[in-house]
Amino acid sequence: MTVRVGVVGVGNIGSSHALNLARVVSGSAVSVLFDADPDRAAALAADLGARSVRTVPELFDADDVDAVLVASPDDVHAEQLLLGLPAGKPVLCEKPLATTEADARAVIDAEVGLGRRLVQLGFMRRFDPGYVQLKQELTAQGIGEPLVVHNVHRNTSAPYGLVTERTLTNMVVHELDIGRWLLDEEYASVMVVAGRPGPLTPDGQHDPILVVLRTASGVVVEVEAFANAQYGYEVVCRVTGSRGQAVMGDGSYITRSTSFSRGVDLPELWLGRFAEAYRLQLQGWVDAVQGGEPFPGATSWDGFAATVVATRAVEAYRSGGWVDVVLPPRPSLYAGPDVGPRP
Ligand SMILES: NC(=O)c1ccc[n+]([C@@H]2O[C@H](COP(=O)([O-])OP(=O)(O)OC[C@H]3O[C@@H](n4cnc5c(N)ncnc54)[C@H](O)[C@@H]3O)[C@@H](O)[C@H]2O)c1
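About the cut-offs
Residues numbered from 1 in each chain as written. Predicted model: local features only at pLDDT ≥ 70, side-chain atom pairs only at ≥ 80, totals over all residues. Heavy atoms only, no water. Helix = DSSP H or I, 4+ residues; strand = E, 2+ residues; numbered from the N terminus. Rg over C-alpha atoms; globule rule 2.2 N^0.38 Å. Buried < 20%, exposed > 50% of the residue type's maximum accessible area, 1.4 Å probe, protein only. Contact = heavy atoms within 4.5 Å. Areas by Shrake-Rupley, 256 points an atom, 1.4 Å probe, with all protein chains shown as cover. Lys, Arg positive; Asp, Glu negative; His and termini not counted. Charge placed at Lys NZ, Arg CZ, Asp CG, Glu CD. Pairing = 2+ DSSP bridges. Axes fitted to C-alpha atoms, helices over the stretch in contact; angles between N-to-C directions. Near = heavy atom within 4 Å. Polar contact = N/O pair within 3.5 Å; in protein donor to acceptor, adjacent residues only side chain to side chain. 1 Å grid on protein atoms, 1.4 Å probe; cavity = no way out; pocket = protein on both sides within 12 Å on 5 of 7 lines; lining within 4 Å. Sits in = over half its atoms within 2 Å of the grid points. Nonpolar A, V, L, I, M, F, W, Y, C, P; charged D, E, K, R; others polar. Parallel < 35°, antiparallel > 145°, perpendicular 65-115°, else oblique. Left-handed = near helix turned anticlockwise from the far one by under 90°. Points joined across faces, edges and corners; volume = space filled by probe spheres on them. Right-handed = clockwise from strand over helix to strand, strands pointing away. Salt bridge = Lys/Arg side-chain N within 4 Å of Asp/Glu carboxyl O.

Within the protein chain, the regular secondary structure consists of 11 helices and 16 strands. Computed over C-alpha atoms, the radius of gyration of the protein chain comes to 20 Å, within 12% of the 20 Å expected from 2.2 N^0.38 for 343 residues, which places it in the range of a compact globule. Residues classed as buried in the protein chain amount to 54% of the 343 residues present. Residue pairs at least 24 apart in sequence account for 73% of intrachain contacts in the protein chain once pairs closer than 6 positions are excluded. Total accessible area on the protein chain stands at roughly 14,600 Å², and carbon and sulfur atoms take up 53% of it. Each charge class in the protein chain was averaged separately, 28 positive and 41 negative side chains, and the resulting centres sit 3 Å apart.

Take the sheet that holds strand 1 (residues 3–8) next. Pairing between sheet strands relies on hydrogen bonds along the backbone, with the strands arranged either parallel or antiparallel. As summarised here, the arrangement of the seven strands in space is 3-2-1-4-5-6-15, forming an open sheet in which the pairing is mixed. Edge positions in the sheet fall to strand 3 (51–52) and strand 15 (298–299), since each has one partner strand and no second. As paired strands, strand 4 (residues 67–70) and strand 5 (residues 91–93) are joined by three bridges and run parallel to one another. Paired with Leu 69 across the strands is Leu 92, a residue of strand 5. Sheet strands in contact with helix 10 (residues 275–291) are strand 1, strand 2 (28–34), strand 4, strand 5 and strand 6 (119–121), and its direction is about 155° off that of strand 4.

Here the focus is the site of the ligand. In the neighbourhood of the ligand, 27 residues make up the surrounding shell, with Asp 35, Arg 40, Asp 74, Tyr 160 and Tyr 278 lying closest. The backbone of Ala 36 places a nitrogen or oxygen atom 3.4 Å from a nitrogen atom of the ligand. At 3.0 Å, a side-chain N or O of Lys 95 approaches an oxygen atom of the ligand. Within the complex, 83% of the 840 Å² of free accessible area of the ligand lies under protein. Using a 2 Å cut-off from the grid points, one finds that the ligand occupies the largest pocket. Elements supplying a minimum of two residues to the shell around the ligand: helix 1 (12–23) and helix 4 (77–84). Grouping the amino acids of the shell around the ligand by side-chain chemistry returns 12 nonpolar, nine polar and six charged.

The next thing to look at is the packing of helix 5 (residues 101–114) against helix 11 (residues 300–319). For the pair helix 5 and helix 11, interaxial distance at closest approach is 9 Å and the crossing angle is 165°. Compared by their axis directions, helix 5 and helix 11 come out roughly antiparallel. In this structure, the crossing between helix 5 and helix 11 has a hand that is left-handed. Here helix 5 contributes Glu 101, Ala 104, Arg 105, Val 107, Ile 108 and Glu 111 to the contact with helix 11, which in turn contributes Ser 300, Trp 301, Phe 304, Thr 307, Val 308, Thr 311 and Arg 312. Looking at the contact of helix 5 with helix 11 residue by residue, the class counts come to six nonpolar, three polar and four charged.

Roughly 760 Å³ of internal volume is contained in the largest pocket. Along its surface, the largest pocket is lined by 42 residues, and Ser 72, Pro 73, Asp 74, Tyr 160 and Asn 170 are the ones closest to its centre. Only helix 1, helix 4 and helix 7 (164–171) provide two or more residues apiece to the lining of the largest pocket. Counting residues per element, the lining of the largest pocket draws most heavily on helix 7, which supplies five residues. Here the lining of the largest pocket is composed, by residue class, of 19 nonpolar, 15 polar and eight charged.

Time to look at the pairing of strand 4. Here strand 4 shows no split at all, with Ala 67 and Leu 69 on one side and Val 68 and Val 70 on the other all buried. Both strand 1 and strand 4 contribute to a ladder of four bridges, which runs parallel. Paired with Gly 6 across the strands is Val 68, a residue of strand 4. A crossover connection joins strand 4 to the parallel strand 5 through helix 4; in handedness this β-α-β unit is right-handed.

Our focus in this paragraph is unusual backbone geometry. Following Lys 95, the chain continues into Pro 96 via a peptide bond in cis, with omega recorded as -10°. Position of Pro 96 relative to the elements: it lies in the loop between strand 5 and helix 5. Even without glycine at this site, Asp 184 takes up a positive phi of about 55°. In this structure, Asp 184 sits in the loop between helix 8 (173–183) and strand 8 (187–194). By relative accessible area, Asp 184 is classed as partly exposed at 33%.

Where helix 7 contacts helix 8, the axes come no closer than 4 Å and their chain directions differ by 40°. In this structure, helix 7 contributes Leu 168, Thr 169, Asn 170 and Met 171 to the contact, and helix 8 contributes Val 173, His 174 and Glu 175. Here the residues of the contact of helix 7 with helix 8 sort into three nonpolar, three polar and one charged.

A few words now on the pattern of salt bridges. One pass over the structure, following the stated rule, counts 16 salt bridges. A salt bridge links Arg 154 to Glu 224; its shortest N-O distance comes to 2.8 Å. Placement of the pair is Arg 154 in strand 7 (residues 146–154) and Glu 224 in strand 10 (residues 220–226), with a sequence separation of 70 residues. Here the residues in one salt-bridge network are Arg 126, Asp 177, Arg 180, Glu 186 and Asp 302, joined through shared partners.

Strand order in the open sheet made by the seven strands is 12-11-7-10-9-8-16, with mixed pairing throughout. Because the sheet does not close on itself, it has two edges, and the strands there are strand 12 (244–248) and strand 16 (323–324). Here strand 7 runs beside strand 10; their pairing, made up of seven bridges, is parallel. If you follow Asn 151 over to strand 10, its bridge partner there is Val 223. The strands touched by helix 7 within the sheet are strand 7, strand 8, strand 9 (209–215) and strand 10, with strand 9 carrying the most contacts at an inclination of about 50°.

What follows is the structure, encoded as structure tokens:
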């Protein structure tokens, strides 16, 4: 059976996912599109042999939609999931699940109410060959116990305008998720250090920032997030272990020597760096939908956890101090091995 996917939001990433689903991923087709800009949806629909609709419920309820991909702006994900989940169709929702804890909680409550995990969250780094290998390194314990995780996350330019709170809820949320996944544990506290702003930082905002977290077992995780780094898109994760180190992201590209210098190319956007992760994420999701299997990626609970930590980081940024992170009990619907065993 071909999985006919409806796509909500066909901007930068939504159109890339739609093209992948229509032309690269096996077992899927794109049937229906919705965007707040109807001309944009209609133009892409014409390209893909799909149709466009005027409302989100129309898309979720359509007979020719088996599964839905949500790639609208961050602050409408929760509202659209709440509208669509009663249709009972599988959803791949771009990160973040929500920008507030209350919105994220509402999605969890809706799924628990339906008694089914319908949502996979688009934390695609869990599918990235680099991060997967890093996770294998940690599992094999060749570098011993992880003690410190240093992350670097730099964008060429802030994609939605530079607002420091958004850097935390939209950008750093990737590291918040991948840290939980790599270490198989939750964060206990967070603080945000804002230093001297870079030249493109608007008044009253901070960029770059350093986010420092402690996990429940005391591992220190830090994230340097620089949204207007200008020179390219770069992600690095360096884990210091009790008897070694593992580094993901340094030197993973071709090294070219010419004109008496040696160097590597950097992508301008995440679409270049994580192309394979996006493809593998979509293929894994489509395969799971086809086979009626559990999704291979992050759950709504993972999205909720990441949003809770991001909102505590926003509080820490505003207060300048450490803020505790406490998650409520995990509903049994989300029991399982997605981030490893829990105490
Ligand atoms: N996983 C990743 O690495 C990754 C990368 C980029 C973006 N994203 C996420 O994907 C989402 C979209 O980001 P983008 O970069 O494509 O943004 P974008 O601004 O390029 O596109 C957003 C699209 O949504 C449309 N839109 C606006 N309001 C809408 C609504 N209420 N309903 C439906 N469509 C609406 C806009 O017209 C536009 O076409 C964001 O949540 C972002 O965080 C994830």
